[in-house]
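Report on the structure
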Amino acid sequence: MTENESNPTYGEGADDSGPRTADKSAQGVVAAFGQTVKTLRLRAGMDREELGRRLGYSAATIASFEQGRRIPSPRAIDKADEVLDAGGLLTLWTEEVERAQYPPFFQGMAQLEKQAMELLAYDTLVVKGLLQTEEYMRGLLAMWRPPLDDETIEQRVTARLARQDIFDRRPAPLLSFVMDESVLRHQYGGKRVLRGQLEHLLLMGQRRNVEIQVMPTDCEDNAGVDGTFTVVTRKDNKRFLYVEAQVTSALETDPEQVGLAAARYGIIRSQALTPRESMKFIERLLGEL
């Protein structure tokens with residue numbers, strides 16, 4: 001079975017210029033949450049500036065939260081619940097609000113990342129979102145046309161950074177990433193941003209549950225010529241295939257198709273540089289910058 005095969009993509013560098021909350025249901029959740037924050041703030045006798053000071057935000061950002069124009073992080077929700085003495089009323093919204101920051105067709109994949117026992121990702125255009133530095137994210141989002149507004153960029157950065165909690169989860173999932181050499185050479189955001197991204201990959205590659213491999217451009221064989229894809233194995237051993245293109249994304253659950261993708265990924269790994277060779281390769285690229 002394939003889900004959402006005709007929806008606009010929400011990828012690692014995808015154009016997120018659509019509504020921040022992609023459907024009316026999500027908009028309703030965010031608006032209701034914002035109204036709850038405002039009600040509790042007024043009950044506490046605080047103005048937006050005071051609440052913002054306590055949470056580490058500007059008064060304008062608090063207004064964006066209350067008006068449903070921006071989605072706070074789970075950490076911000078927890079802090080607001082404490083500061084406003086909400087007794088858990090705000091934290092009850094955390095899961096729904098977090099889900100609302102993604103378009104409906106990506107919500108399933110976002111949840112799978114949280115439940116992943118194993119994740120296998122092959123990328124040909126940009127560094128996987130799970131591995132992106134904040135500056136690299138901003139570099140990608142700044143390139144979209146028509147330009148994204150500042151609040152949209154902030155929300156997308158927050159959402160993408162939140163996904164990276166997968167690296168600190170216990171028990172640690174097994175994470176494997178293979179990316180084309182060209183991905184590591186594109187200077188999105190400039191040399192300084194790329195340098196920081198390559199340094200980050202070297203650090204992430206040192207984690208025992210993470211393998212990063214490079215597919216060199218001079219490799220004569222590449223089973224990944226059909227493009228980017230991700231295979232996720234959940235804790236119940238059920239596997240899923242996520243594929244995205246410029247204007248479509250699909251979450252595939254058919255065992256045969258997912259099995260073929262996993263087998264294809266195994267071939268790609270065997271054709272790419274080993275993790276040790278890949279780290280040395282990235283070090284050489286850093287030396288060239």
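As shown above, the structure is provided for reference.
Residues numbered from 1 in each chain as written. Predicted model: local features only at pLDDT ≥ 70, side-chain atom pairs only at ≥ 80, totals over all residues. Heavy atoms only, no water.

**Here's the deal with the packing of helix α7 (residues 134–142) against helix α8 (residues 150–163)**
Put simply, the rule reads: In this description, a line fitted to the C-alpha atoms serves as the axis of each element, helices being fitted only across the stretch in contact, and the angle between N-to-C directions of two axes falls anywhere from 0 to 180 degrees. Only DSSP runs of H or I with at least four residues qualify as helices, and only runs of E with at least two residues qualify as strands; both kinds are numbered from the N terminus onward. The labels follow the angle: roughly parallel below 35 degrees, roughly antiparallel above 145, roughly perpendicular from 65 to 115, and oblique for the rest. In this scheme, a crossing is called left-handed if the near helix is turned counterclockwise away from the far one by less than a right angle; it is called right-handed if the turn is clockwise. Contacts were defined at the residue level, with two residues in contact if any of their heavy atoms lie within 4.5 Å.
In the contact formed by α7 and α8, the axes pass within 10 Å of each other and the chain directions differ by 140 degrees. By the criterion of interaxial angle, the relationship of α7 to α8 is oblique. When the axes of α7 and α8 are compared, the crossing they make is right-handed. Contacts between α7 and α8 pair E134, M137, R138, L140 and L141 from the former with I153, E154, R156, V157, R160 and L161 from the latter.

**Describing the nonpolar core**
What counts is decided by this rule: Put simply, buried Ala, Val, Leu, Ile, Met, Phe, Trp, Tyr and Cys residues joined by side-chain atoms within 4.5 Å make one nonpolar core. Relative accessibility under 20% of the residue-type maximum defines a buried residue, over 50% an exposed one, and the middle range a partly exposed one, all with a 1.4 Å probe and only protein chains included.
Grouped together as the largest cluster of nonpolar side chains are 42 residues, with contacts concentrated most on L131, F167, F177, L201 and I212. In terms of residue count, the dominant contributor to this core is helix α10 (residues 191–204) (six residues). Those residues within four positions of L131 in sequence are excluded, and the remaining contacts are Q164, F167, F177, M179, Q197, H200, L201, M204 and I212.

**Focus on the environment of F177**
Considering the arrangement of structural elements, one finds F177 in strand β3 (residues 174–180). Once the C-alpha coordinates of F177 and V214 are considered, the two residues, 37 residues apart in sequence, prove to be 8.5 Å apart. Among residues more than four places away in sequence, those in contact with F177 are L119, A121, K128, L130, L131, F167, V210, E211, I212, Q213 and Y265.

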